[in-house]
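Residues per chain, in single letters:
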Amino acid sequence: KTKKNFITSPELIAQINPENKQLIDDYISYLRSIQRSETTIGAYMNDLHIAFVWNIQFNGNKPFIEWTKRNVVAYQNWLLNNNENSPARVKRLKASLSSLSNYICNVLDDEYPNFRNIINKVESPVNTPVREKSVFTEEQIDGLLDKLVENKMYDKACALALALYSGRRKSELLRFKVSDFDDNHLTCEGALYKSDPIKTKGRGVHGKMLECFCLAKKFKPYFDMWMAAREAAGVESEWLFPNPGNPNEQMRVSTLNNWAIIFSRYLGMDFYWHSMRHMTVTNFKRFGIPDT
């Protein structure tokens, strides 16, 4: 299972060396200036905060431009053996420092002419899987859908069905609108819903804007149940999965993460949303959807 460590806090972040904090702020401004998405920026900021909180606690709050390869080794060793991060997670945390280093080399070279990127000079740990892949049968997922409907969890059933029959990533599921599933969006002789372009994975603020497809006949019963439940509750929103606190906004990804925990309990296996992408290809083939 995914191990979550709570390393940073507002109090610790406030103690970051002012020079390092200025570097972080400047780097984040740079990322916004080249239109990196806020999700990407948030991930980089979180990873850098982890590094510099470690720097406070174990490295004398040293200015980043003075870090040596010995310091990088010490940080990597702490992540792997003390904080019990996976090799893949360690590589990502190092990648944020490497990206910051490249920014210093390329943009702040007039201020730090002798600085060089040393992060990747330190070999990363061998990547080994820490999570066993969950491969579900059609009967398992159908049983889960039936259980969710039986318990009147229509929002969860609809989200699971959308993931199963569209193959979209977790964050992309929340970008669908109710209007994407009206009759005007039917295509391929009524076999598929074709959405308006939504943001998918890709660089930049807008990522890749793509039309996404969903098996209509399989998905519609769960869509109808969720829409009926919304109407009964007086929920009005253009988003298929609105934020309960503000229907004008999309639901947060953290809610889907919590639902995945519930699904795991029902299934007796570790459920993660990406596992549905693999089943979607099989479903499309089964229903005769052409490859292109």
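Preceding this section is the structure that the text describes.
Residues numbered from 1 in each chain as written. Predicted model: local features only at pLDDT ≥ 70, side-chain atom pairs only at ≥ 80, totals over all residues. Heavy atoms only, no water.

**Q** When you look at the environment of W78 in this model, what are you seeing that I'm missing?
**A** With respect to the helices and strands, the residue W78 is situated in helix α4 (residues 69-82). Spatially, the C-alpha atom of W78 lies 20 Å from that of N117, the residues being 39 residues apart in sequence. What W78 contacts, discounting residues up to four positions off in sequence, is I7, W54, F58 and N83. (Helix = DSSP H or I, 4+ residues; strand = E, 2+ residues; numbered from the N terminus. Contact = heavy atoms within 4.5 Å.)

**Q** Hey, could you run me through the pattern of salt bridges in this one?
**A** Once their charged atoms are close, side chains differing in charge can pair, the charge on each being opposite to the other. According to the stated counting rule, one finds 10 salt bridges in the structure shown. Here D47 ties to R92 by a salt bridge, and the two come within 2.9 Å at their closest N and O atoms. Remark: R92 occurs in helix α5 (residues 87-107) and D47 occurs in helix α3 (residues 38-58); sequence separation between them is 45 residues. By relative accessible area, D47 is classed as buried at 2%. Residue R92 is classed as partly exposed on the basis of its relative accessible area, which comes to 42%. We note a salt bridge from R168 to E172, for which the minimum N-O separation is 3.0 Å. Linked through salt bridges whose partners overlap, the residues forming this network are D47, R89 and R92. (Salt bridge = Lys/Arg side-chain N within 4 Å of Asp/Glu carboxyl O. Buried < 20%, exposed > 50% of the residue type's maximum accessible area, 1.4 Å probe, protein only.)

**Q** Which parts of the structure should I look at to understand the nonpolar core?
**A** Side chains that are nonpolar tend, in soluble globular proteins, to be buried together. With 44 residues, the main nonpolar core has F219, L240 and W273 as its most contacted residues. Contributions of two or more residues to this core are made by α6 (138-150), α7 (154-166), β2 (192-194), β5 (213-215), α9 (216-233), α10 (253-267) and α11 (275-286). The element that contributes the greatest number of residues to this core is α7, accounting for 9 residues. Apart from residues lying up to four places away in sequence, W273 is in contact with A159, L160, A163, K170, L173, L256, N257, W259, A260 and F263. Among the nonpolar cores identified, the runner-up in size contains 35 residues, and I16, I50, V53 and I104 belong to it. (Core = buried A, V, L, I, M, F, W, Y, C linked by side-chain atoms within 4.5 Å.)

**Q** So what exactly am I meant to see when it comes to the side chain of S96 here?
**A** Mapped onto the fold, S96 is located in helix α5. On the basis of relative accessible area, S96 is assigned to the buried category, the value being 0%. Those residues in contact with S96 that lie beyond four places of it in its chain are Y44, D47 and L48.

**Q** Mind showing me how you'd approach the packing of α4 against α5 here?
**A** Each packed pair of helices is defined by two parameters, the angle between the axes and the distance between the axes. Running from N to C, α4 and α5 point in directions that differ by 150°, and their axes come no closer than 9 Å. In the packing of α4 onto α5, the handedness of the crossing is right-handed. For the pair α4 and α5, the contacting residues are Y75, Q76, L79 and L80 in the first and P87, V90, L93, K94 and L97 in the second. Considering only residue class, the contact of α4 with α5 consists of 7 nonpolar, 1 polar and 1 charged. (Axes fitted to C-alpha atoms, helices over the stretch in contact; angles between N-to-C directions. Left-handed = near helix turned anticlockwise from the far one by under 90°. Nonpolar A, V, L, I, M, F, W, Y, C, P; charged D, E, K, R; others polar.)

**Q** Please explain a nonpolar patch on the surface as it appears in this structure.
**A** Together, Y30, I34 and V107 give the surface a local cluster of nonpolar side chains, amounting to about 210 Å² of exposed area. Tracing the chain through its elements places V107 in helix α5. (Patch = residues over 30% accessible without salt bridge, like charges linked within 9 Å, V, L, I, M, F, W, Y side chains within 5 Å. Areas by Shrake-Rupley, 256 points an atom, 1.4 Å probe, with all protein chains shown as cover.)

**Q** What exactly am I supposed to notice about the state of the cysteines here?
**A** As used in these notes, a disulfide is a covalent bond between sulfur atoms, one from each of two cysteines. As enumerated under the stated definition, the model contains 0 disulfides in all. Note on C158: no disulfide assigned, nearest cysteine sulfur contributed by C214 at a separation of 8.7 Å. Residue C158 is classed as buried on the basis of its relative accessible area of 0%. (Disulfide = S-S within 2.5 Å.)

**Q** Quick question: what am I supposed to make of the sheet that holds β5 here?
**A** The pairing of strands in a sheet comes from backbone hydrogen bonds and takes either a parallel or an antiparallel form. Judged by pairing direction, the sheet is antiparallel, and its 3 strands sit side by side in the order β1-β2-β5 without closing on themselves. Sheet topology places β1 (186-187) and β5 at the edges, where each strand pairs with a single neighbour. Examined bridge by bridge, β1 and β2 share 2 bridges and lie antiparallel to one another. Its bridge partner lying in β2, L186 is registered against Y193. (Pairing = 2+ DSSP bridges.)

These results come straight from atomic positions and should not be treated as a statement about function.
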